[in-house]
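In case you want the letters, here they are:
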Amino acid sequence: MLPKISDYDVRRVIYEQYNNTDIRFSNDEILQHLSETDKYRSMDLDVLDMEETLLEMERTGALRPIAQNFNTRYYRLWAPLQSMTCSSCGAVSHYSENEDGKRCLHCKASFKE
């Protein structure tokens, strides 16, 4: 089953709303921003719909978990996200400078360091 929330959209919200290492944010706050967009407004979303994306961002070195209360997890960024344009498809993705394994979120091509 495909995830309801795309990796790109989660990273875009973090980039646009929380792209500062001093800002604390939660998965609930990300979900609220997503729920306000046309793409997700009519969907019945839950924080678990983006859990894999957030766990992957922790694993690759973008997110730092700082607290948890049941299903609500709080994060800070290790480093600000940057826009990166794919040389293969031209799409923009958002990655931290210290993340490992950067790939285009649209065509999956590797970004050259």
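What counts and what doesn't
- Residues numbered from 1 in each chain as written.
- Predicted model: local features only at pLDDT ≥ 70, side-chain atom pairs only at ≥ 80, totals over all residues.
- Heavy atoms only, no water.
- Buried < 20%, exposed > 50% of the residue type's maximum accessible area, 1.4 Å probe, protein only.
- Helix = DSSP H or I, 4+ residues; strand = E, 2+ residues; numbered from the N terminus.
- Pairing = 2+ DSSP bridges.
- Axes fitted to C-alpha atoms, helices over the stretch in contact; angles between N-to-C directions.
- Parallel < 35°, antiparallel > 145°, perpendicular 65-115°, else oblique.
- Contact = heavy atoms within 4.5 Å.
- Nonpolar A, V, L, I, M, F, W, Y, C, P; charged D, E, K, R; others polar.
- Core = buried A, V, L, I, M, F, W, Y, C linked by side-chain atoms within 4.5 Å.
- Salt bridge = Lys/Arg side-chain N within 4 Å of Asp/Glu carboxyl O.
- pLDDT = per-residue confidence, 0-100.

Novice: Please explain the pairing of strand 5 (residues 92-96) as it appears in this structure.
Specialist: Consecutive side chains of a regular strand alternate in pointing toward one face of the sheet and then the other. Burial analysis of strand 5 places 4 of its 5 residues in the buried class, the great majority of the element. Connecting strand 4 (residues 81-85) to the antiparallel partner strand 5 that follows it, the hairpin turn spans 6 residues, and Gly-90 within it adopts a positive phi of roughly 80°.

Novice: How should the packing of helix 1 (residues 7-17) against helix 2 (residues 27-35) be read in this particular structure?
Specialist: Helices that pack against each other are described as a pair by the angle of their axes relative to one another and the distance between those axes. Interhelical geometry of helix 1 versus helix 2 gives an angle of 100° and a closest axis separation of 10 Å. The angle between helix 1 and helix 2 places the two elements in the roughly perpendicular class. Contacts from Asp-9, Val-10, Arg-12, Val-13, Ile-14 and Gln-17 in helix 1 reach Ile-30, His-33 and Leu-34 in helix 2. Here the contact of helix 1 with helix 2 is built from residues that sort into 5 nonpolar, 2 polar and 2 charged.

Novice: What should I look at first to understand the nonpolar core in this one?
Specialist: Generally speaking, a soluble globular protein has its nonpolar side chains buried in company with each other. If you look at the biggest cluster of nonpolar residues, it comprises 20 residues, and the most contacted ones within it are Ile-14, Ile-30 and Met-50. Elements supplying a minimum of two residues to this core: helix 1, helix 2, helix 4 (51-60) and strand 3 (72-77). Apart from residues no more than four positions distant in its own chain, Ile-14 is found in contact with Asn-19, Phe-25, Ile-30, Leu-54, Met-57, Leu-63, Leu-77 and Leu-81. In terms of nonpolar packing, the next biggest core, distinct from the first, is built from 8 residues, Met-84, Cys-86, Tyr-95 and Cys-104 among them.

Novice: Would you mind showing me how to read unusual backbone geometry here?
Specialist: Excluding glycine, most residues fall at negative phi; most peptide bonds, likewise, are trans. Positive phi is not limited to glycine here, since Phe-70 has a value of about 55°. Along the polypeptide, Phe-70 turns up in the loop between strand 2 (63-69) and strand 3. Unlike most non-glycine residues, Lys-108 shows phi in positive territory, near 70°. Residue position: Lys-108 is located in the segment after strand 5. When its relative accessible area of 48% is taken as the criterion, Lys-108 is described as partly exposed.

Novice: Would you explain the pattern of salt bridges in this entry?
Specialist: By the definition in use, this model includes 7 salt bridges. The closest approach of N and O atoms between Glu-99 and Arg-11, which form a salt bridge, is 2.7 Å. Within this pair, whereas Glu-99 is found in the segment after strand 5, its partner Arg-11 is found in helix 1, the two being separated by 88 residues in sequence. By the burial criterion, Glu-99 is buried, and Arg-11 matches it. Salt-bridge contacts for Glu-16 lead to Arg-12; the nearest nitrogen and oxygen are separated by 3.4 Å.

Novice: Quick question: what am I supposed to make of the confidence of the model for the protein here?
Specialist: If pLDDT is low for a region, its predicted coordinates should not be looked at in detail. Mean pLDDT for the protein: 89, with 96% of residues reaching 70 or above. The lowest-confidence element of the protein is helix 3 (residues 38-41), averaging 85 in pLDDT; the highest-confidence one is strand 1 (residues 25-26), averaging 96.

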